[in-house]
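One-letter residues, chain by chain:
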Amino acid sequence: MKRLLITIMVLCFAVSAVSAGLISFGFGAHALNTLPYNNDDPELGTAEDWQFGGEMRLGVLFAEGSVSGVYDASNDMITGLFTVGTSLSLFDLLHLGVGVGPAFAVTMADGEVDWAYMDGSGSAYPASDIGGVFDNGLIHYRAHGDMKLGRLSFGLTLQVPSDGYTMADNDVLELMPDWDNAKMGTSLLFWLF
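Rules used throughout
Sequence order as written defines the numbering, with residues in each chain counted from 1. This being a predicted model, a pLDDT of at least 70 is required before a residue's local features are given, and a value of 80 or more before pairs of side-chain atoms are given or counted; all residues contribute to the totals for chains, interfaces and linings. Water and hydrogen atoms play no part in the side-chain values, which are based on all heavy atoms of the structure. Helix and strand labels come from DSSP, where a helix needs a run of H or I of at least four residues and a strand needs a run of E of at least two; each type is numbered from the N terminus. The contact definition used throughout considers only heavy atoms, calling two residues in contact when any of these lie within 4.5 Å. Both cavities and pockets are sets of points on a 1 Å grid over the protein atoms alone; in a cavity a 1.4 Å probe fits but cannot get out, in a pocket the set is open with protein on both sides within 12 Å along at least five of seven lines, and lining residues sit with an atom within 4 Å of a point. Grid points are joined across faces, edges and corners, and a volume is the space filled by probe spheres set on the points. Ten residues, namely Ala, Val, Leu, Ile, Met, Phe, Trp, Tyr, Cys and Pro, are considered nonpolar, four, namely Asp, Glu, Lys and Arg, are considered charged, and the remaining ones, Gly among them, are considered polar. We define a salt bridge as a side-chain nitrogen of Lys or Arg found within 4 Å of a carboxyl oxygen belonging to Asp or Glu. Buried, partly exposed and exposed residues are distinguished by accessible area as a fraction of the type maximum, computed with a 1.4 Å probe on protein chains only: under 20%, between the cut-offs, and over 50%, respectively.

J.: I'd like a description of the environment of V98, backed by residues and values.
T.: Tracing the backbone through its elements, the reader meets V98 in strand 5 (residues 94–107). Each C-alpha atom of the pair V98 and Q159 lies 9.9 Å from the other, and the pair is 61 residues apart in sequence. If we skip the residues at most four places from it in the chain, V98 touches G85, T86, R142 and A143.

Shown next as structure tokens:
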């Protein structure tokens, strides 16, 4: 069984290295459904249930970093994720990736623009700098699948918060995904290279 898994992993990395370029960079629009995704009854909701923003991805071979954020009009802030992970591009047509990283917010109350970190309840707390966001932000898992047509790609994303894991309070038992609060999203990206 171990040999089969290792063979599959080596094959996936070889296909990724052959079919994709050394560096990829894309940016564009991102939309996120505020309703938790439910496998039994996947409801997309109405237009008011979606938040819109932007996304950027940078890939080097099979490593990938991304920043995605949406504007939350009810709280006058931008909420999003910084993620680092891996991706697989098959013949520059299908792009799959997974990542992990902290949730952040950029608050804009009273004309002030400040960093904040997001906890498990979705509340934002002020951070003195971006380092505080990485230390105290609730860790999320993110998966995406994109279909590329030339320089454009359209994809689906799934964001799943952990049970409460942060870098500052690194309780390993809180790394479990909180599937009840998973959120579905979409992205439309333009790839420079």
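J.: Account for the layout of surface pockets, naming residues and giving values.
T.: Of the voids in this model, the largest pocket is the one considered here, and its volume is about 550 Å³. As for the largest pocket, its lining consists of 30 residues, of which T79, M118, G122, H140 and K183 are closest to the centre. Of all the secondary structure elements, the ones that give two or more residues to the lining of the largest pocket are strand 1 (23–33), strand 3 (63–72), strand 4 (77–90), strand 5 and strand 9 (152–161). Per-class residue counts for the lining of the largest pocket are 9 nonpolar, 16 polar and 5 charged.

J.: Outline the pattern of salt bridges, supporting the account with residue identities and numerical values.
T.: Scanning the model with the defined rule gives 3 salt bridges in all. In this structure, R57 engages E55 in a salt bridge whose closest nitrogen and oxygen atoms are separated by 2.7 Å. On the accessibility criterion, E55 (3% relative accessible area) is buried. Close ionic contact of D146 with R57 constitutes a salt bridge, the shortest N to O distance being 2.6 Å. Linking D146 in strand 8 (residues 139–149) with R57 in strand 2 (residues 50–60), this pair joins segments that are 89 residues apart in sequence.

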